[in-house]
There are 4 protein chains.
Amino acid sequence: MRRAKLAVAGLGRMGRVHAANVARSCPSAELAWVFDTNAPLAEEVAGDLGAKAARDYEELLADPSLDGVVVASPTPAHASMAVLAAQAGKHVFCEKPISLERPETLSVIEAAEAAGTGLQVGFHRRFDPSMLAAAERVRAGELGEVVLFRATQRDKAPPRPEFLAGSGGMFVDMAIHDFDAARWLVGEVESVSAQGALMSGVDDYHTVVAVLRFGARALGVVDVSRVAGYGYDSFVELMGEKATVRVESPFSAQYEWRSPGAASRPLVESFDRRYAAAFAAEIEHFARSVLAGGGFEPTGQDALAAFDIAVAAAESARRGEPVAIGASAGSQDSKPR
Amino acid sequence: MRRAKLAVAGLGRMGRVHAANVARSCPSAELAWVFDTNAPLAEEVAGDLGAKAARDYEELLADPSLDGVVVASPTPAHASMAVLAAQAGKHVFCEKPISLERPETLSVIEAAEAAGTGLQVGFHRRFDPSMLAAAERVRAGELGEVVLFRATQRDKAPPRPEFLAGSGGMFVDMAIHDFDAARWLVGEVESVSAQGALMSGVDDYHTVVAVLRFGARALGVVDVSRVAGYGYDSFVELMGEKATVRVESPFSAQYEWRSPGAASRPLVESFDRRYAAAFAAEIEHFARSVLAGGGFEPTGQDALAAFDIAVAAAESARRGEPVAIGASAGSQDSKPR
Amino acid sequence: MRRAKLAVAGLGRMGRVHAANVARSCPSAELAWVFDTNAPLAEEVAGDLGAKAARDYEELLADPSLDGVVVASPTPAHASMAVLAAQAGKHVFCEKPISLERPETLSVIEAAEAAGTGLQVGFHRRFDPSMLAAAERVRAGELGEVVLFRATQRDKAPPRPEFLAGSGGMFVDMAIHDFDAARWLVGEVESVSAQGALMSGVDDYHTVVAVLRFGARALGVVDVSRVAGYGYDSFVELMGEKATVRVESPFSAQYEWRSPGAASRPLVESFDRRYAAAFAAEIEHFARSVLAGGGFEPTGQDALAAFDIAVAAAESARRGEPVAIGASAGSQDSKPR
Amino acid sequence: MRRAKLAVAGLGRMGRVHAANVARSCPSAELAWVFDTNAPLAEEVAGDLGAKAARDYEELLADPSLDGVVVASPTPAHASMAVLAAQAGKHVFCEKPISLERPETLSVIEAAEAAGTGLQVGFHRRFDPSMLAAAERVRAGELGEVVLFRATQRDKAPPRPEFLAGSGGMFVDMAIHDFDAARWLVGEVESVSAQGALMSGVDDYHTVVAVLRFGARALGVVDVSRVAGYGYDSFVELMGEKATVRVESPFSAQYEWRSPGAASRPLVESFDRRYAAAFAAEIEHFARSVLAGGGFEPTGQDALAAFDIAVAAAESARRGEPVAIGASAGSQDSKPR
């Protein structure tokens, strides 16, 4: 049984999740290299997971036995690292968003096309077992015609200001997952109308709502917040004319606790716990696509399409009117003002 | 639209529930009289509910326009009051247990038969809307052959010692509801095998378990506790070869509250909140039976059968072996030792 | 115990619900009169509920012992009947919407003020026990600052075209309940931005989404559909910085049914089953306000405010941009185009 | 990072689960060998998982680099294979029951003690994440004194008659997991009183109930069935004087599907899906104990204790009276008659 030899570049929170999954949870992958600008961190992770720590990014790209690279660096470094990997003939798994700039996003897509390498983007929800099970029934026609998409996503507190500054704003950083889910489950979005409530003292929203139009018959609505003190949450509903399906955040353990006055269940506290299986499954899919030489999905075009919706949403929130997708493609300013 | 003219005799907790239901919630009933040995209490309830307070029990029985009597006095007074009502030609709704003595229970059944009056016993669960909806599907054959009956009943704290002393013990006071549900939903019980854990310092159990045999194919298991600090609870499962159905205690309100770490729902705290609709429905059924001149159910025989199981369970717990129903019919001692 | 003598005028679906509640479920009310232009229907309901059937509306208004009138006629007749009742010195409970025209709505408010009679509007959700229990905790500050209001409302099929034509459109007919809930739970709405998906062949939407702004800090989002084939649904979430609370549609019975492959619970199929307790409670509140001579709520001003939001939402959906509340007060056209 | 080199002997349903976990899901383990009397099956599994297929059991035991053996053969072969492994100096993970005979069970324990090797038994529930999370709160005292243990376990259909014949009966084959959970969560069982309903045409029960006594204060009740047509189920409740906790079977995916009349959730259909995480975790625990040279748990003594309860339960069901644990230790006949 051959396994795909992978490297993980960037060992922040998501990078470490990916590295552990490549090394331990993905039967089709093995972890050959890790890289981070923080060399001691890379050494430590490499030691824990039985991989080599690259001194620089070029070192790992130069390994001819390496099949693919998981790019999990901070967002500003995504595109250049992905392009280098493609040019070195490596398949690329790139965390979302590929870039905060549309032309740069395009450059990654073009580099992979030119090199004939695969490009998969980190929209992990497409690999969540519950989402997949629900999607399968939707595709089998059990919902009838879909008329409403509804998604909720929440974090318990805003990230640090430094992260926020480079995040691209709430639409590009968070809501983009819901926009990709909307495209995946319903189809292309024609226009978006969004509003946001501003954080005090920071140039970003704490809560946003975006209304999507998929055509004459279907609407979508997405609400995202970073001040949901109770914890992480993620919810997607797809309502059709025959039925509706609601994919919910699981509890962190499968028990009910009854004490005087209340029956309670333990909540999942963070996205990496909620989507643990999805993170492993997306990397396994990448590894299998590497071994099969194709089937990489979601694609760079999926990344671009979700990015365009996010940018249009940000523009809509700023301008106070609906924005057609495509119309805002030239704008790269996705911050509130 | 004629309404049945009813009296409520005994205005303890259950008596007041019944009086309010007769006066306000049962379209087929009206409250003519109330009676309690505590005269000021009777006056107060009568004033609140627009009824007359009888000076003594005989006064209300002497009212020729009175159709029926709801007997909700303390257990030792049930039988004599029920017999007097029947002899006065009134239909009788009697709280459970009719008596702690089998012969006395029989005397009530015989008095009603002799007088040609109806006799309905307060096994309210048979009127719970959820229980009824489930029972309807069971009767329609959706479960297939029933192989297991499972019931749980809990109170948050033992009653006062004075009440305990006259309660007949946990099997006769509490588990009797589960035994009636077992007969109603599955069929006759052939034998019972029970065990109990004793309260410290009191001659009764805090927790009991009873295993029922319905014949060759089906078993039942009932657990009842009086030290469930978290609150009141009541659960019935009926498992068949094709499906299973679980009737649960509802929450006290239909909302989920999420705060850091937990999603919680508010618990119902007492049996009268849990079974509020059932208490109203059993009295409405009694009133309709009065108006129709028949259809009283559950009957005195149902009361006797559930009582026999309860007494046999108590004997089984004492003797440490299964007891066949019928075999223990002569024994009236249902206390633990 | 004095009861308020009430009449119910208009015996359609809601009128019959109100009449039964006045006659049977509301301890502070009694049903003196019913009226409907369909005289045989009025006779039948009167017979069932022990009330008199008025030959015409004036007959019941002429009864000096009558305390109040529940106006449940078709919407176009609401205002004139409410005004006549107020002028006859009767307290008025009026179904929503009071009118499809703002001036006419105002005329009812003014008539009640001039006559010194009470005016309560049929926003029943304010009396739903689950909504009230949740609201109490919100008011006690357990949520912290509210940042998001989210509501969903669904019917399984559109009403008949004749009803639709006079309904005022989806915002005024359905979403108005969510707008009132938003005002009640969060506060005044400053602007609304709405979109709708059109039904084929009918001049109304099948599904709408409205985004609300309550000020700088809080947003709201409401989605309403008339093509939710699976059944009636109603959901309200209030998210604060410390916690979130979700009031859900209850199941129609409290049991879980497990058959091969699925655990299922029975759904409530219509708004009158979902809100049965709320419909009784709002009439009981009206009766108590009648007896107390005050405390009528929600008021005519509440009706006007929710109506203004609904009209603004309809205008926003038509124009494709947010509409400030107040700005659209002159427009009475709330149909999609 | 050193990994424990393990072999899996016996590649039936559980053996294949263990082999896949050793190879893919357990970071502290690697799969060196597999063995099955069905040589082509062993070759196939070895190929899939990157391990060697042993021609005979001795071949793998002879590998000096092998650390431990997972014994997952049919029950009759457990003991001899475990003894051989211990004698070869290998740590042993043995599926339950170790044997259907007490002396043989003891011989395995003694062989491991004599060889100084570890012995862990396959009571996987002790490693279920939900069970562990609940147990942690119980151990922290959040329940108060435990007064009731309640467990339910169900299969959708009886196994093939050949399997049944060698299974040891329902108490030893299935209920043993509940008995181990009872010991683990509450403490030693003093006596058991059991009853069973017989399958037609087969010398085993289709459904059994066992009542446990843990001492003066606590009772337990376990119901197990093999004719639960709706699917696999597993439930454990631990009720204390302050609270109760219920560990339930998770749904197979985290979504709710609403269609006309019902809201449904997908059920897990088999024990290996229900306890997938537990199966991986118990092997990871074994591997870590191998690496640490100690900490193997649950132990052979745990296996013996649960086996003794199961045998006593079978005897109680046969004799119709409670059986004290220890008293029945001499009996190895655990079939119904």
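Computed from a prediction, not measured in an experiment: that's the story for all the values here.

## A look at the overall build of chain A
- Within chain A, the regular secondary structure consists of 11 helices and 15 strands.
- In terms of overall size, chain A behaves like a compact globule, its C-alpha atoms giving a radius of gyration of 20 Å where 337 residues would be expected to give roughly 20 Å.
- For chain A, buried positions account for 60% of its 337 residues.
- Contacts spanning at least 24 positions in sequence make up 69% of the contacts within chain A whose residues lie at least 6 apart.

## Observations regarding the packing of helix H8 (residues 169–185) of chain C against helix H11 (residues 300–319) of chain C
Residues and elements named next belong to chain C.
- Two elements in contact, H8 and H11, have axes whose closest approach is 8 Å; the angle formed by their N-to-C orientations is 125°. Of the possible angle classes, the one that applies to H8 and H11 is oblique. Of the two elements, H8 crosses H11, and the hand of that crossing is right-handed. Between H8 and H11, the contacting residues are Gly169, Phe171, Val172, Ala175, Ile176, Phe179, Asp180 and Arg183 on the first element and Asp302, Ala305, Ala306, Phe307, Ile309, Ala310, Val311, Ala313 and Ala314 on the second.
- A per-class count over the contact of H8 with H11 returns 13 nonpolar, one polar and three charged.

## Examining the interface of chain A and chain C
- Opposite the 32 residues of chain A that make contact, chain C presents 32 residues.
- The biggest single contributor to the side of chain A that touches chain C is strand E9 (residues 205–213) of chain A, with five residues.
- Grouping the constituent residues of the side of chain A that touches chain C by class yields 16 nonpolar, nine polar and seven charged.

## Brief notes about the relation of the copies chain A and chain C
- Once chain A has been moved 0.0 Å along the axis and rotated by 180°, it coincides with chain C to within an RMSD of 0.0 Å. The superposition of one copy onto the other is thereby described by a two-fold rotation axis. For chain A, the minimum C-alpha distance to the rotation axis belongs to A:Glu321 and amounts to 2.6 Å.
- Taken together, the interface assignments show that 100% of the residues at the interface of chain A recur at the interface of chain C, consistent with an identical surface on both copies.

## Brief notes about the interface of chain A and chain D
- Listed by partner, the interface residues are 26 residues for chain A and 26 residues for chain D.
- For the side of chain A that touches chain D, the element with the highest residue contribution is strand E13 (residues 255–259) of chain A, accounting for five residues.
- Across four bridges, E13(A) lies against strand E12 (residues 244–247) of chain D in antiparallel orientation. Each residue of the ladder has a partner; that of A:Trp257, found in E12(D), is D:Val245.

## Focus: the sheet that holds strand E2 (residues 29–35) of chain D
- Here we have six strands laid out as an open sheet, ordered E3-E2-E1-E4-E5-E6 (chain D), and parallel in their pairing. In the strand order of this sheet, the two ends are held by strand E3 (52–53) and strand E6 (119–121) of chain D, each with one partner.

## Some points on the domain arrangement of chain A
Residues and elements named next belong to chain A.
- Partitioning chain A into structural domains gives domain 1 (4–117) and domain 2 (128–276 + 304–324).
- For domain 1 and domain 2, the distance between their C-alpha centroids amounts to 27 Å.
- Across the contact, 10 residues belong to domain 1 and seven residues belong to domain 2.
- When contributions to the side of domain 1 that touches domain 2 are tallied by element, the ones reaching two or more residues are helix H4 (75–87) and helix H5 (102–115).
- Among the elements that make up the side of domain 1 that touches domain 2, the one with the highest residue count is H5 (three residues).
- Here the side of domain 1 that touches domain 2 is composed, by residue class, of six nonpolar, two polar and two charged.

## A short note on the nonpolar core
- Core analysis: the biggest nonpolar cluster contains 249 residues, and B:Val34 and D:Val34 have the highest contact counts within it.
- Top contributing element to this core by residue count: helix H11 (residues 300–319) of chain D, with 11 residues.
- Core analysis: the second largest hydrophobic core is formed by 247 residues, C:Leu100, C:Val221, C:Val245 and C:Ala287 among them.

## Digging into the sheet that holds strand E5 (residues 91–94) of chain A
Residues and elements named next belong to chain A.
- Pairing within the open sheet is parallel, and its six strands lie in the order E3-E2-E1-E4-E5-E6. Two strands close off the open sheet at either side, each with one partner strand: strand E3 (52–53) and strand E6 (119–121).
- Bridge analysis of strand E1 (residues 4–9) against strand E4 (residues 68–71) gives four bridges, and the strand direction is parallel. Paired with alanine 7 across the strands is valine 69, a residue of E4.

## What about helix H8 (residues 170–185) of chain D?
Residues and elements named next belong to chain D.
- Its 16 residues give H8 an end-to-end C-alpha distance of 22 Å, which sits within 8% of 22 Å, the value for a rise of 1.5 Å per residue.
- The principal kink in H8, of about 55°, is found at isoleucine 176.
- Here H8 lies mainly inside the structure; 15 of its 16 residues are buried.
- Positive backbone phi, approximately 140°, marks glycine 187, located one or two places after H8.

## Section: the relation of the copies chain A and chain D
- Placing chain A over chain D gives an RMSD of 0.0 Å and needs a rotation angle of 180°, together with 0.0 Å of translation along the axis.
- Comparing contact sets, 100% of the residues at the interface of chain A also lie at the interface in chain D, consistent with an isologous, same-surface contact.

## As for the pairing of strand E10 (residues 219–225) of chain D
Residues and elements named next belong to chain D.
- Most of E10 is tucked away: seven of the seven residues are buried.
- Both faces of E10 are covered, namely the face carrying Leu219, Val221, Asp223 and Ser225 and the face carrying Gly220, Val222 and Val224.
- As paired elements, strand E7 (residues 146–154) and E10 share seven bridges and run parallel to each other. In the strand pairing of E10, glutamine 153 is matched with valine 224.
- Two strands pair when backbone bridges link them, and strand E9 (residues 205–213) and E10 are joined in this way by seven bridges, in the antiparallel orientation. Bridge pairing in E10 places valine 208 opposite valine 224.

## Focus on the packing of helix H4 (residues 75–87) of chain B against helix H5 (residues 102–115) of chain B
Residue and element names in this part refer to chain B.
- One way to put it is that H4 packs onto H5 with a least axis distance of 8 Å and a crossing angle of 10°. Here H4 is positioned roughly parallel relative to H5, judged by the angle of their axes. For the pair H4 and H5, contact is made by Ala79, Ala82, Val83, Ala86 and Gln87 and by Glu104, Ser107, Val108, Ala111, Ala112 and Ala115, respectively.
- Tallied by class, residues from the contact of H4 with H5 come to eight nonpolar, two polar and one charged.

Each value, and the rule that gives it
- Residues numbered from 1 in each chain as written.
- Chains lettered and ligands numbered in written order.
- Predicted model: local features only at pLDDT ≥ 70, side-chain atom pairs only at ≥ 80, totals over all residues.
- Helix = DSSP H or I, 4+ residues; strand = E, 2+ residues; numbered from the N terminus.
- Rg over C-alpha atoms; globule rule 2.2 N^0.38 Å.
- Buried ≥ 20, exposed ≤ 12 C-beta atoms within 10 Å, placed from the backbone.
- Contact = placed C-beta atoms within 7 Å.
- Axes fitted to C-alpha atoms, helices over the stretch in contact; angles between N-to-C directions.
- Parallel < 35°, antiparallel > 145°, perpendicular 65-115°, else oblique.
- Left-handed = near helix turned anticlockwise from the far one by under 90°.
- Nonpolar A, V, L, I, M, F, W, Y, C, P; charged D, E, K, R; others polar.
- Least-squares fit on C-alpha atoms with pLDDT ≥ 70 in both.
- Pairing = 2+ DSSP bridges.
- Domains from an automatic or database assignment.
- Core = buried A, V, L, I, M, F, W, Y, C linked by C-beta atoms within 7 Å.
- Expected span 1.5 Å × (residues − 1).
- Bend = angle between axes of the 7 residues up to and from the residue.

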